[in-house]
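Residues per chain are reported as follows:
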2 protein chains.
Amino acid sequence: MAAAEVGNRRTLRLVIEYQGTDFAGWQIQAQGRTVQGELARCLQTLLREPVIPVGAGRTDAGTHALGQVAHLHTHSDLPVERLHRGLNGLLPPDIAVHAVEEAPADFHARYSARGKRYRYRIRTAKSALDRQLVWSLYQHLELEPMARAAAYLAGTHQFAACCNQDPLPDHFLCHIVACAWTGDGAELAFEIEGNRFLRHMVRILVGTMVEIGRGRRPPEDMARLLESTDRTQAGPTAPAQGLCLVKVNYTQ
Amino acid sequence: MAAAEVGNRRTLRLVIEYQGTDFAGWQIQAQGRTVQGELARCLQTLLREPVIPVGAGRTDAGTHALGQVAHLHTHSDLPVERLHRGLNGLLPPDIAVHAVEEAPADFHARYSARGKRYRYRIRTAKSALDRQLVWSLYQHLELEPMARAAAYLAGTHQFAACCNQDPLPDHFLCHIVACAWTGDGAELAFEIEGNRFLRHMVRILVGTMVEIGRGRRPPEDMARLLESTDRTQAGPTAPAQGLCLVKVNYTQ
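Residues numbered from 1 in each chain as written. Chains lettered and ligands numbered in written order. Predicted model: local features only at pLDDT ≥ 70, side-chain atom pairs only at ≥ 80, totals over all residues. Heavy atoms only, no water.

Student: Quick rundown of the packing of helix 1 (residues 35–47) of chain B against helix 2 (residues 80–90) of chain B? Include the residues and the values.
Tutor: All names here are of chain B. Following both chains from N to C, one finds helix 1 and helix 2 inclined at 130°, their axes separated by 10 Å at the closest point. In this view, helix 1 runs oblique relative to helix 2, as classed from their interaxial angle. Considering only the axes of helix 1 and helix 2, their crossing is right-handed. In this structure, helix 1 contributes Arg 41, Cys 42, Leu 43, Thr 45, Leu 46 and Leu 47 to the contact, and helix 2 contributes Leu 83, Gly 86, Leu 87 and Leu 90. For the contact of helix 1 with helix 2, the per-class residue count stands at seven nonpolar, two polar and one charged. (Axes fitted to C-alpha atoms, helices over the stretch in contact; angles between N-to-C directions. Helix = DSSP H or I, 4+ residues; strand = E, 2+ residues; numbered from the N terminus. Parallel < 35°, antiparallel > 145°, perpendicular 65-115°, else oblique. Left-handed = near helix turned anticlockwise from the far one by under 90°. Contact = heavy atoms within 4.5 Å. Nonpolar A, V, L, I, M, F, W, Y, C, P; charged D, E, K, R; others polar.)

This is the structure:
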């Protein structure tokens, strides 16, 4: 075991799965149960010092994660294997830690990230087993126009019309490396990978493409939207519960 | 719309999904929330007469279904489309009706069934999103010996040693047409299809194969077990929450 000596500051990297249903989101708040808050509580118990983990991104209330990444600093010499087991034992059932690893001192879950992958799931009929992980939308959606709309998203665009501008981001430029709809009628899923995502961006893109799948607007609207900066031109924000942060990409 | 006239007795066939977590099983009981009980309550509201649906099989408390089948008789002339929508509106979120269809007068969900397919899911690490649908077993399982054990199950065997004999069934003979383990280490799944299943049979088979996957007994034990009639020779009954009734097969 090659743990650092007591007193040396270690940087640790966590990979975390959670079901967002019963959380007020990732970030610690004055009120409400949060993923960051539950982690901080259990980390303090195990590391015997106050520790606030920093996440790769702040997921909304209700949004899930299969591969959220966080880093933390600690002076504890607790081996990563014991911290991993201890966290999974202490954390509530709706948070699971997949990995705890030593990381370079300058590793930062948010600033070191090269990109993220999200998945948004829609059911067009009532479901029981997956009901908290999908947007249940009891309407027929035409996949082909939704796929044509999604094709406009690949590449680098200003996403000013497709985000919540409160708070105002530094800039609206995002590079989308992959995005696609898959599905069979009963379940549709949208996967999108990019270098960065603006607030509510995936949910607004999905809400817009659902209007296209209903035949209420043409696929070409997506191209017009990317040239506009007017949020009112986009569709409604799809519910948080269909969204899942699948993966965060790093070079290191 | 070709509904029967009021007064004529119709036979209807339902296909039902449910999450077993918060149910005391399928069958109506004096105490406890049951799937059959919730269905009966909503059917009575919609059909305006007392109706008890008959299921293809009684799933245990905690066990899930993706494709449970039930039949019922009614004198109501409510069209199947309206009954379908009405049920999904009235039923709680953990029950979803996939289909409501007119059926031949002699259709019986249990006696007309030719067979059933079950799936049993195991996770070898903590999971958050699927935690109520799997057996979380924080141990390494060797898939290859489990697959070898499963191979003995195909064909017609006496399953006396692999069932709960209370109540005693008419006979122990079951014909298994397909069974296999799949998985990647983090998640293992066992699928089995047969003409009939005895009480706790799938869960006892899984409990036994998990002992084999842990290296506590050899795969050949499964062959010995099928020749024995001694329940004490089999492994423990795996938890109900990993089990799901995937499908019921009919000729008609």
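Having seen the model, we can carry on.
Student: Let's hear about the pattern of salt bridges: which residues, and what values?
Tutor: All names here are of chain A. Here the structure, examined in full by the defined rule, presents 34 salt bridges over all chains. Among the salt bridges present, the one from Arg 148 reaches Glu 220, with a minimum N-O distance of 2.6 Å. Separated by 72 residues along the polypeptide, Arg 148 in helix 3 (residues 143–151) and Glu 220 in the loop between helix 4 (201–213) and helix 5 (221–227) bring together distant segments of the chain. By relative accessible area, Glu 220 is classed as partly exposed at 29%. (Salt bridge = Lys/Arg side-chain N within 4 Å of Asp/Glu carboxyl O. Buried < 20%, exposed > 50% of the residue type's maximum accessible area, 1.4 Å probe, protein only.)

Student: Tell me about empty space enclosed by the protein, residues and numbers included.
Tutor: Under the counting rule described, the total for this entry stands at one cavity of 30 Å³ or more. Lining the largest cavity, in full, are A:Gln19, A:Leu129, A:Asp130, A:Arg131, A:Gln132, A:Leu133, B:Gln19, B:Leu129, B:Arg131, B:Gln132 and B:Leu133. Along the lines of polarity and charge, the residues of the lining of the largest cavity split into four nonpolar, four polar and three charged. (1 Å grid on protein atoms, 1.4 Å probe; cavity = no way out; pocket = protein on both sides within 12 Å on 5 of 7 lines; lining within 4 Å. Points joined across faces, edges and corners; volume = space filled by probe spheres on them.)

Student: Got a sec to walk through the relation of the copies chain B and chain A? Specific residues and values, please.
Tutor: The operation relating chain B to chain A is a screw motion whose rotation component is 180°, with 0.0 Å of axial translation and a residual RMSD of 0.0 Å. In the structure described here, the two chain copies are related by an operation that fits a two-fold rotation axis. Measuring from the rotation axis to each C-alpha of chain B, the shortest distance belongs to B:Asp130, at 4.4 Å. When the interface residues of chain B are mapped onto chain A, 95% of them are again interface residues, pointing to one common binding face. (Least-squares fit on C-alpha atoms with pLDDT ≥ 70 in both.)

Student: How would you explain the packing of aromatic side chains if you had to name every residue and give the values?
Tutor: Residues and elements named next belong to chain A. The tally for this structure, following the rule as stated, stands at twelve aromatic pairs over all chains. Taken together, a centroid distance of 5.1 Å and an interplanar angle of 35° make the contact between Trp 181 and Phe 190 tilted. The burial state of Trp 181 is the same as that of Phe 190; both residues are buried. Put simply, the rings of Tyr 18, Phe 23 and Trp 26 pair up and form one aromatic cluster. (Phe/Tyr/Trp six-rings, centres within 6.5 Å; stacked < 30°, edge-to-face > 60°.)

Student: Describe the environment of B:Gly215, naming the residues involved and giving the relevant values.
Tutor: Mapped onto the secondary structure, B:Gly215 falls in the loop between helix 4 (201–213) and helix 5 (221–227). Considering only alpha carbons, one finds B:Gly215 and B:Glu142, 73 residues apart in sequence, at a separation of 7.7 Å.

Student: Summarise the pairing of strand 8 (residues 173–183) of chain B; cite the residues concerned and give the values.
Tutor: Relative to strand 8 of chain B, strand 7 (residues 155–158) of chain B is paired through four bridges, and the arrangement is antiparallel. Directly across from B:Gln158, in strand 8 of chain B, lies its bridge partner B:Leu173. (Pairing = 2+ DSSP bridges.)

Student: Please give an account of the side chain of A:Ser127 that cites residues and values.
Tutor: Here A:Ser127 is to be found in the loop between strand 5 (113–123) and strand 6 (135–136). When neighbours within four sequence positions are excluded, A:Ser127 is seen to be in contact with A:Val134, B:Glu17, B:Pro93 and B:Ala96.

Student: So what's going on with the domain arrangement of chain A? Which residues, and what values?
Tutor: Residue and element names in this part refer to chain A. Partitioning chain A into domains gives domain 1 (5–103) and domain 2 (114–250). Each of domain 1 and domain 2 has a C-alpha centre, and the two are 28 Å apart. Each side of the interface is counted separately: domain 1 has 16 residues, and domain 2 has 15 residues. Between domain 1 and domain 2 lies a buried interface of about 1200 Å² when both sides are counted; carbon and sulfur atoms form 57% of it. Considering only the surface of domain 1 that becomes buried against domain 2, Asp 60, His 64 and Leu 66 emerge as the three largest contributors, covering 38% of it. (Domains from an automatic or database assignment. Buried area = accessible area lost by both parts, 1.4 Å probe.)

Student: A description of unusual backbone geometry should follow, citing residues and the corresponding values.
Tutor: Residues and elements named next belong to chain A. Between Asp 166 and Pro 167 the backbone carries a cis peptide bond, its omega angle lying at 0°. Even without being glycine, His 200 reaches a positive phi, approximately 65°. As for its position among the elements, His 200 is in the loop between strand 9 (187–194) and helix 4. Its relative accessible area of 16% is what places His 200 among the buried residues.

Student: Please give an account of the interface of chain B and chain A that cites residues and values.
Tutor: Tallying the contact residues gives 22 residues for chain B and 21 residues for chain A. Of the roughly 1700 Å² buried where chain B meets chain A, counting both sides, 55% is carbon and sulfur surface. When the buried surface of chain B facing chain A is broken down by residue, B:Lys126, B:Leu129 and B:Arg131 rank first, second and third, together holding 44% of it. Connecting chain B to chain A are zero salt bridges. Those elements that provide at least two residues to the side of chain B that touches chain A are strand 1 (10–18), strand 3 (64–74) and strand 4 (95–103) of chain B. Here the side of chain B that touches chain A is built from residues that sort into twelve nonpolar, five polar and five charged.

Student: Explain helix 1 (residues 35–47) of chain A residue by residue, including any values.
Tutor: Residues and elements named next belong to chain A. Helix length check: helix 1, at 13 residues, gives a terminal C-alpha distance of 18 Å against a target of 18 Å (1.5 Å per residue), a fit within 8%. Those residues of helix 1 lying buried are Val 35, Gln 36, Glu 38, Leu 39, Ala 40, Cys 42, Leu 43 and Leu 47. For helix 1, the secondary structure elements touched by its buried residues are strand 1 (10–18), strand 3 (64–74), helix 2 (80–90) and strand 4 (95–103). Its side-chain oxygen at 3.0 Å from the backbone nitrogen of Gly 37, Thr 34 defines the N-terminal cap of helix 1. Arg 48 sits one or two positions beyond helix 1 and adopts a positive phi of about 60°. (Expected span 1.5 Å × (residues − 1). Polar contact = N/O pair within 3.5 Å; in protein donor to acceptor, adjacent residues only side chain to side chain.)

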